[in-house]
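Here is how the chains run, residue by residue.
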Amino acid sequence: MSDYKFYLQVNKAFDKAATYTQYDRGILEQIKSCNNVLHISFPLEKDDGSIEVIEGWRVEHSHHKMPTKGGIRYSLTVNEDETMALAALMTYKCAVVDVPFGGAKGGIKINKSNYSDSELERITRRYTFELYKKNFIGPGTDVPAPDYGTSAREMGWILDTYRQLSSDLNAEGCVTGKPIQMGGIRGRTEATGRGVFFGIHEACSNKEDMKEIGLEPGLEGKTFVVQGLGNVGYHAAKYLSEAGAIMVGVAEIDGSIYSKKGIDLESLMSYKKETGGILGFKGTKSLSDTYAVLESECDILIPAALENQLNEKNAGKIKAKIIGEAANGPTTTEAHEILKKRGALIIPDNYLNAGGVTVSYFEWLKNIQHVRFGRMEKRFEEDSYKKILSVIEAVSDRKFSEKELKVLAQGGGEEELVDSGLKDTMINSYNQINELRKLHGVDLRTAAFISAINKLGIIYDQMGIFP
Ligand code: NAD
């Protein structure tokens, strides 16, 4: 792991895709480079009075669109290379799904389970202060969001800290993934996993593509294994299960479990909460180690933990026909080639986990517009639908029940509009990259990079260079 270079891997994938585009070297180098890299260290006074120095990063990969956007990660894996790679992926991901932001990423090198809640709050607030002082946060500058190890709680601390420092009218837009009461949006918590579901659903709906990998179209009855039951993994598993797919395996930090008959997600989550792990869950077999389940029999494998999980060591043993990259960078370049050779369909991270940033975009729009989506039109739409339905009743012998009226005359509120926007984005973007895949005879990852480079290249070309 120590000599693993994530940023290099992202750039290798970029370079491969660039050969299918028309942009000259200068433009491609501009797109690829990281514009700002901030490395900070600051002291934390621990609850017992001792002092520890904390290290953190924030990388703004591309300023072609402002603000820049990307999550904040709390993990011991965090370092400059990882943050640069993740920031670059954000630029390409935003371009693939037409979200008008530059890419960014932040991280603090800690294992959050080693700190109390009040220590985590002090770390988060001090980190935000450092970002503010260095002009690395603001609704028009750089807007963080949750990532591995962080959630709405941390985003709430970030907003509150920012507010103490700035009287900006649009302050709520300085961070997304906040609690709803603090200006967050309905649907953001589940957005990344929901987007993963929409993406896999779309891929599985394509008869021709499924035939190519020897699977029937549709999700019903397909088996899946998920690595990491955190925010993204849990929500992806939830929506896939609701659509009739069967979760047969799970990997978590403490180990991995398998059951051919299927694993009930909600009971497993309660068990995990009670015991702190997944091992020993009723009706499942505990496997030798946490990575073993990745190699088990299933149709879809969803890595939803960290990068570098499918690598040279295990790629040859992975049996899944579809790899749904919910995590960022879970498959190394070498593993990608091995899986591809075996005929697996890899749905790449720079498309598949874009649901989070898509709904973050909606949240930011809500914040700078200062109005909730649907507030103006929901009631108007409902009244109009009711009028239409009453005309239908008048000209036919059909009388709608109260229950039917509720469904048929529903106007779009925030929750429905966010979900519709997310679904539309994931479906359209999948079809865009799938067409490029077929056009150039490449895989979906290369196609997603081609899509991003084409969109970014035009902007860079027209932007020119500031003296
Ligand atoms: P999270 O902290 O909520 O959950 C991660 C889970 O993975 C945890 O339950 C952890 O115990 C587990 N885990 C860690 N190492 C593991 C291992 N070796 N084997 C099995 N399980 C392991 O994080 P998250 O927000 O769900 O993020 C997961 C991935 O998705 C990351 O790569 C992140 O960059 C990516 N992502 C997240 C978002 C988002 O909105 N949160 C958006 C886009 C991409």
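Residues numbered from 1 in each chain as written. Predicted model: local features only at pLDDT ≥ 70, side-chain atom pairs only at ≥ 80, totals over all residues. Heavy atoms only, no water.

S.K.: Mind showing me how you'd approach helix α12 (residues 355-369) here?
M.R.: Each α-helix turn comprises 3.6 residues. Residues three or four places apart therefore point the same way. The first and last C-alpha atoms of α12 sit 21 Å apart over 15 residues, in line with the 21 Å expected at 1.5 Å per residue. The buried count for α12 comes to 13 of 15 residues, which makes it a mostly enclosed element. (Helix = DSSP H or I, 4+ residues; strand = E, 2+ residues; numbered from the N terminus. Expected span 1.5 Å × (residues − 1). Buried < 20%, exposed > 50% of the residue type's maximum accessible area, 1.4 Å probe, protein only.)

S.K.: Please clarify how the packing of aromatic side chains should be interpreted in this entry.
M.R.: Each aromatic ring pair is specified by the distance between its two centres and by the angle formed by the two planes. Scanning the entire structure with this criterion turns up 11 aromatic pairs. Ring geometry for Y361 and F362: centres 5.9 Å apart, planes at 40°, overall tilted. Like F362, Y361 is buried. Among the aromatic residues, ring-to-ring pairing joins F101, Y361, F362 and W364 into one connected group. One cation-aromatic arrangement involves R194 over Y239; the distance from NZ or CZ to the ring centre is 4.5 Å. (Phe/Tyr/Trp six-rings, centres within 6.5 Å; stacked < 30°, edge-to-face > 60°. Lys NZ or Arg CZ within 6 Å of the ring centre and 35° of its normal.)

S.K.: Help me understand the site of the ligand in this model?
M.R.: Surveying the vicinity of the ligand reveals 25 residues, the closest of which are R73, D147, T192, E252 and N328. With respect to the ligand, the side chain of R73 contributes an N or O atom lying 2.8 Å from an oxygen atom. One nitrogen or oxygen atom from the side chain of R188 is found 3.4 Å from an oxygen atom belonging to the ligand. Within the complex, 88% of the 830 Å² of free accessible area of the ligand lies under protein. Broken down by secondary-structure element, the contributors of at least two residues to the shell around the ligand are α6 (188-205), α8 (231-242) and β7 (246-252). Within the shell around the ligand, the residues separate by chemical class into 11 nonpolar, 10 polar and four charged. Shared between two domains, the shell around the ligand takes at least three residues from each, and those domains are domain 1 (34-184) and domain 2 (186-377 + 412-467). (Near = heavy atom within 4 Å. Polar contact = N/O pair within 3.5 Å; in protein donor to acceptor, adjacent residues only side chain to side chain. Areas by Shrake-Rupley, 256 points an atom, 1.4 Å probe, with all protein chains shown as cover. Nonpolar A, V, L, I, M, F, W, Y, C, P; charged D, E, K, R; others polar. Domains from an automatic or database assignment.)

S.K.: Would you mind going over the pattern of salt bridges with me for this structure?
M.R.: Proximity of charged atoms lets side chains of opposite charge pair with each other. Counted under the stated rule, the structure contains 34 salt bridges. D209 serves as the salt-bridge partner of K438, at 3.1 Å between the closest nitrogen and oxygen. Of this pair, K438 sits in helix α15 (residues 414-440) while D209 sits in helix α7 (residues 207-212), placing them 229 residues apart in sequence. Note on K438: relative accessible area 41%, which makes it partly exposed. (Salt bridge = Lys/Arg side-chain N within 4 Å of Asp/Glu carboxyl O.)

S.K.: Please explain the nonpolar core as it appears in this structure.
M.R.: Across soluble globular proteins, nonpolar side chains have a tendency to be buried as a group. Judged by nonpolar contacts, the single largest core of 90 residues is most densely connected at I200 and I347. Sort the elements by how many residues they give to this core and helix α3 (residues 80-96) lands first, with 11 residues. If you count residues domain by domain, this core takes at least three from each of domain 1 (34-184) and domain 2 (186-377 + 412-467). Ignoring anything within four residues of it in the chain, the contact list for I347 reads G199, I200, A203, I322, I323, G324, E325, L352, Y430 and L444. (Core = buried A, V, L, I, M, F, W, Y, C linked by side-chain atoms within 4.5 Å. Contact = heavy atoms within 4.5 Å.)

S.K.: Which parts of the structure should I look at to understand the domain arrangement of the protein chain?
M.R.: Quoted interface sizes are often the accessible area lost when the parts come together. What the domain assignment reports for the protein chain is domain 1 (34-184) and domain 2 (186-377 + 412-467). On a C-alpha basis, the centres of domain 1 and domain 2 stand 23 Å from each other. When the two sides are added together, the surface that domain 1 and domain 2 hide from each other amounts to roughly 3,100 Å², 65% of it contributed by carbon and sulfur. Connecting domain 1 to domain 2 are three salt bridges. In this structure, the salt-bridge partner of E307 is R73, at a minimum N-O distance of 2.9 Å. At the junction of domain 1 with domain 2, the criterion picks out 15 residue pairs in polar contact (both at pLDDT 80 or more). (Buried area = accessible area lost by both parts, 1.4 Å probe.)

S.K.: What am I meant to see in the sheet that holds strand β11 (residues 322-324) here?
M.R.: Whether parallel or antiparallel, the strands of a sheet pair through hydrogen bonds between backbone atoms. Within the open sheet, the seven strands sit side by side as β9-β8-β7-β6-β10-β11-β12. Their pairing is mixed. One side of each edge strand has no neighbouring strand; the edge strands of this open sheet are β9 (285-286) and β12 (345-347). Inspection of the sheet shows strand β6 (residues 223-227) paired to β7 by five bridges, in the parallel sense. Across the sheet, residue V225 finds its bridge partner in β7, namely G249. (Pairing = 2+ DSSP bridges.)

S.K.: Can you help me understand the pairing of strand β3 (residues 68-74) in this one?
M.R.: A regular strand places its side chains on the two faces of the sheet in alternate fashion. With seven of seven residues buried, β3 is to be regarded as a mostly interior element. As defined by bridge partners, β3 adjoins strand β4 (residues 102-108) across five bridges and the pair is classed as parallel. In the sheet register, I72 faces β4, and the bridge partner there is G106. Handedness of the crossover is the feature at issue here: the chain leaves β3, passes through α3, returns alongside β4, and the resulting connection is right-handed. Pairing of β3 with strand β5 (residues 142-146), which is carried by five bridges, proceeds in the parallel orientation. From the neighbouring strand, T68 faces β5, where its bridge partner is D142. (Right-handed = clockwise from strand over helix to strand, strands pointing away.)

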